[in-house]
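Listed here are the chains, written in short residue letters.
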Amino acid sequence: FDIEEDVIYAFTSAGLQTIALGSGTVNTQIEFSEDFKDASYLTIENNIIYFIVGTSVYQSILSASEEPDTPLLSYSGSYAYGFAVEDDRIYIADGGDFSSDSFVEIYNTSGTLLENITVGIAPNGFYFN
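Residues numbered from 1 in each chain as written. Predicted model: local features only at pLDDT ≥ 70, side-chain atom pairs only at ≥ 80, totals over all residues. Heavy atoms only, no water.

K.L.:
How would you sum up the overall build of the chain? Please name residues and give values.
P.N.:
Per the secondary structure count, the chain includes zero helices and twelve strands. Seen in sequence order, the chain has helices and strands lined up from the N terminus as β-β-β-β-β-β-β-β-β-β-β-β. Expected size for 129 residues packed as a compact globule is a radius of gyration near 14 Å; at 15 Å, the chain falls within 12% of this value. C-alpha atoms of the chain, sized along the principal axes, occupy 45 × 35 × 25 Å. With 129 residues in all, the chain has 43% of them scored as buried. For the chain, the proportion of contacts with a sequence separation of at least 24, taken over those separated by at least 6, is 33%. Total accessible area on the chain stands at roughly 7,200 Å², and carbon and sulfur atoms take up 44% of it. (Helix = DSSP H or I, 4+ residues; strand = E, 2+ residues; numbered from the N terminus. Rg over C-alpha atoms; globule rule 2.2 N^0.38 Å. Buried < 20%, exposed > 50% of the residue type's maximum accessible area, 1.4 Å probe, protein only. Contact = heavy atoms within 4.5 Å. Areas by Shrake-Rupley, 256 points an atom, 1.4 Å probe, with all protein chains shown as cover.)

K.L.:
I'd love a proper account of the sheet that holds strand S3 (residues 15–20), names of residues and values included.
P.N.:
Strands sit in the order S1-S2-S3-S4 across an open sheet of four strands; the sheet is antiparallel. Sheet topology places strand S1 (2–4) and strand S4 (26–31) at the edges, where each strand pairs with a single neighbour. Shown here is a sheet whose adjacent strand axes are inclined to one another by a mean of 30°, direction ignored. Note: S3 against S4, five bridges, orientation antiparallel. The partner of Thr 18 across the bridge, within S4, is Asn 27. (Pairing = 2+ DSSP bridges. Axes fitted to C-alpha atoms, helices over the stretch in contact; angles between N-to-C directions.)

K.L.:
Please set out the sheet that holds strand S6 (residues 48–53) residue by residue, giving values where relevant.
P.N.:
Pairing within the open sheet is antiparallel, and its four strands lie in the order S5-S6-S7-S8. The open sheet is flanked by strand S5 (40–45) and strand S8 (73–74), the only strands paired with a single partner. As paired elements, strand S7 (residues 56–61) and S8 share two bridges and run antiparallel to each other. Counted as the bridge partner of Ser 56 is Ser 74 from S8.

K.L.:
Explain the nonpolar core to me, and be specific about the residues and the numbers.
P.N.:
Counting residues in hydrophobic clusters, the biggest one holds 14 residues, and the most contacted among them are Tyr 9, Leu 16, Phe 32, Ile 49 and Phe 51. Among the secondary structure elements, those contributing two or more residues to this core are S5 and S6. Once residues within four sequence positions are removed from consideration, Tyr 9 is found in contact with Phe 1, Asp 2, Glu 4, Leu 16, Gln 17, Thr 18, Gln 29, Leu 42, Ile 44, Ile 49 and Leu 62. One finds Leu 72, Tyr 75, Phe 83 and Ile 92 within the second-largest nonpolar core, a separate group that totals twelve residues. (Core = buried A, V, L, I, M, F, W, Y, C linked by side-chain atoms within 4.5 Å.)

K.L.:
Tell me what's going on with the environment of Asp 94, and back it up with residues and numbers.
P.N.:
Mapping Asp 94 onto the fold places it in strand S10 (residues 89–94). With relative accessibility at 4%, the residue Asp 94 sits in the buried group. Along the chain, Asp 94 and Thr 55 lie 39 residues apart, while their C-alpha atoms are 9.7 Å from each other. Apart from residues lying up to four places away in sequence, Asp 94 is in contact with Tyr 75, Gly 77, Ser 78, Tyr 79, Ala 80, Tyr 81, Ser 102, Phe 103 and Pro 123. At a separation of 2.9 Å, a polar atom in the side chain of Asp 94 contacts the main-chain amide nitrogen of Tyr 79. (Polar contact = N/O pair within 3.5 Å; in protein donor to acceptor, adjacent residues only side chain to side chain.)

As C-alpha cells, then:
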C-alpha cells in the first residue's frame, strides 16, 4: 500500500482500492483481471502508481480506472524481493535462489536499464537519504 494526499492506495483481492483517510470511504478504483491478481509492491512517485506483476513493472496514473495494457519494463530476475521508486529511478532487488549472491537492477522511469549490481544474498529493501 501507499498513501498520497490523504488517500490510501492498496491492492485487495478485487484490485486496486482507495480509502479516504478522513472518512474511511472505500472505493474500487481498478478492478483487476486474472492476469493482475498477483500484483505486488505498490508504490507512488510523482503521481504515478508503480507495481510488479510477475517479472514486469507496470505504471498507471493515480486517477486511472482500468489496469494498464502493457508493462513499462520486464526485468531479468526470477523473483522481486525488494522494490522502490525514488528520484526518477526504479530499483528492483531479485531474491535469486536465497543461498548465493543476487543482484539489483536500476531503471529510469522510462523503463531503460541503467545498472545491474551484484549484491549479497536475498536483497530485500532500499533506503534513501
